[in-house]
Amino acid sequence: MTHKKQAKVTLVGAGPGDVDLITVKGVKALASADVVLYDALINRELLDYAPNAIKIFVGKRKDFHRYSQDEINEIIVKNAFEHGHVVRLKGGDPFVFGRGGEEIDYVESFGIETQVISGISSSISVPANLGVSLTKRGVSESLWIITGTTSARQLSDDVRLAAQSSATVVILMGMSKLSEITDLFKEHGKSKTPTVIIQNGCTENEQVGLGTVDTIVEVVADKGLSSPAIIVIGEVVKESVKFRSFFEEINQQVIEKQRNLS
Ligand SMILES: C[S@@+](CC[C@H](N)C(=O)[O-])C[C@H]1O[C@@H](n2cnc3c(N)ncnc32)[C@H](O)[C@@H]1O
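Counting restarts for each chain, with residues numbered from 1 along the sequence as it is written. Two thresholds apply to this predicted model, a pLDDT of at least 70 for residue-level local features and 80 or more for giving and counting side-chain atom pairs, whereas whole-chain, interface and lining totals are computed over all residues. Side-chain measures were taken over the full set of non-hydrogen atoms in the model, leaving aside hydrogen atoms and water.

A. Expanded view of the environment of Gln-164. Starting at the N terminus, helices and strands are each numbered in turn, a helix being any DSSP run of H or I of at least four residues and a strand any DSSP run of E of at least two. Positionally, Gln-164 belongs in the loop between α5 (158-163) and β7 (168-172). Between the alpha carbons of Gln-164 and Ile-54 there is a distance of 48 Å; along the sequence they are 110 residues apart. The criterion used for residue contact is that any of the two residues' heavy atoms lie within 4.5 Å. The contacts of Gln-164, once residues within four sequence positions are left out, are His-188 and Lys-190.

B. Representation of the pairing of strand β4 (residues 85-90) within the structure. Burial runs high along β4: six of the six residues are buried. Relative accessibility thresholds used throughout: buried, under 20% of the residue-type maximum; exposed, over 50%; partly exposed, between the two (1.4 Å probe, protein chains only). Side chains His-85, Val-87 and Leu-89 of β4 all project onto a buried face; the interleaved residues Val-86, Arg-88 and Lys-90 project onto the opposite face, where all are buried too. Taken together, the four bridges between strand β2 (residues 35-38) and β4 define a ladder with parallel strand orientation. Residue Val-35 lies in a different strand from β4, and its bridge partner there is Val-86. Criterion used throughout: strands pair if DSSP finds at least two bridges between them.

C. Inspection of the packing of helix α2 (residues 69-83) against helix α3 (residues 100-108) at higher detail. Each axis is a line fitted through C-alpha atoms, and for a helix only the stretch in contact is used; angles between axes span 0 to 180 degrees, taken between their N-to-C directions. With their axes 10 Å apart at the nearest point, α2 and α3 run at an angle of 50° to one another. The pairing of α2 with α3 is recorded here as oblique in orientation. As α2 runs across α3, the sense of the crossing is right-handed. Together, Gln-69, Ile-72, Asn-73, Glu-74, Ile-76 and Val-77 of α2 and Glu-102, Glu-103, Tyr-106 and Val-107 of α3 make up the contact between the two elements. By the convention adopted, Pro, Cys, Tyr, Trp, Phe, Met, Ile, Leu, Val and Ala count as nonpolar, Lys, Arg, Asp and Glu as charged, and the other residues, Gly among them, as polar. Tallied by class, the residues present in the contact of α2 with α3 amount to five nonpolar, two polar and three charged. Angles below 35 degrees are treated as roughly parallel, those above 145 as roughly antiparallel, those between 65 and 115 as roughly perpendicular, and all remaining angles as oblique. By convention, the crossing between two helices is left-handed when the near helix turns anticlockwise from the far helix through less than a right angle, and right-handed when the turn is clockwise.

Honestly, that's just the spatial picture; any functional story needs more than this.
Next comes the structure, spelled out in structure tokens:
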């Protein structure tokens, strides 16, 4: 008689898309997985770390059945009881707008052993990859990471609060509400605040739109940027060595305009 493997679920953060931006602990978990359930935003090369595992895609993608969160929860538990060690591989960090907490709660309710292995969230690593330090001495003392779209499909009220602060504001899932977002910042006197939009950050398909609160909607339209992207609004954006010359040029244009007017 074969001995049935003990059910276990490990929630692993896959990082932002660069295959090397996963933790060593995450790789070790994949190596011992019997089943890997993975999302759309993870780098598929990571699945090579789990050569013996059954791989099941449960992400949202055009032309695929879109699993509800309840269905995903059930698939995790079913596979853990049937096969043993399930690795639930999620983009970025599972606990940063990743619904990882809901999955762990559900799995725990069956008495299944769980473990959480943090990942590198896109909210921090995608700007970092372009030299944007989200906090910087003398420039930004705090950081808000906000979802653009709440469970009620509305813009989070926190965006209005963040617009009134001097914090760096990072917005995930906010591309469909970009005009609303920039309007809020304009209302609070932030029209000239440096802004960057990074689509598919930390991947070979990375695209960047650079501007200020009052120009970024146009930049996005011109460049055809869309999701998955993160929006970073804050003075730290112009501190990046990669973006400095762009903002120096804008500054120069403003000075020349003022000179011509006087
Ligand atoms: C459901 S949230 C998951 C966030 C994830 N848990 C994390 O920590 O990165 C998905 C959103 O994260 C952002 N995102 C994830 N990966 C990204 C990437 N490589 N480049 C830009 N934005 C990304 C986008 O705003 C996307 O719509």
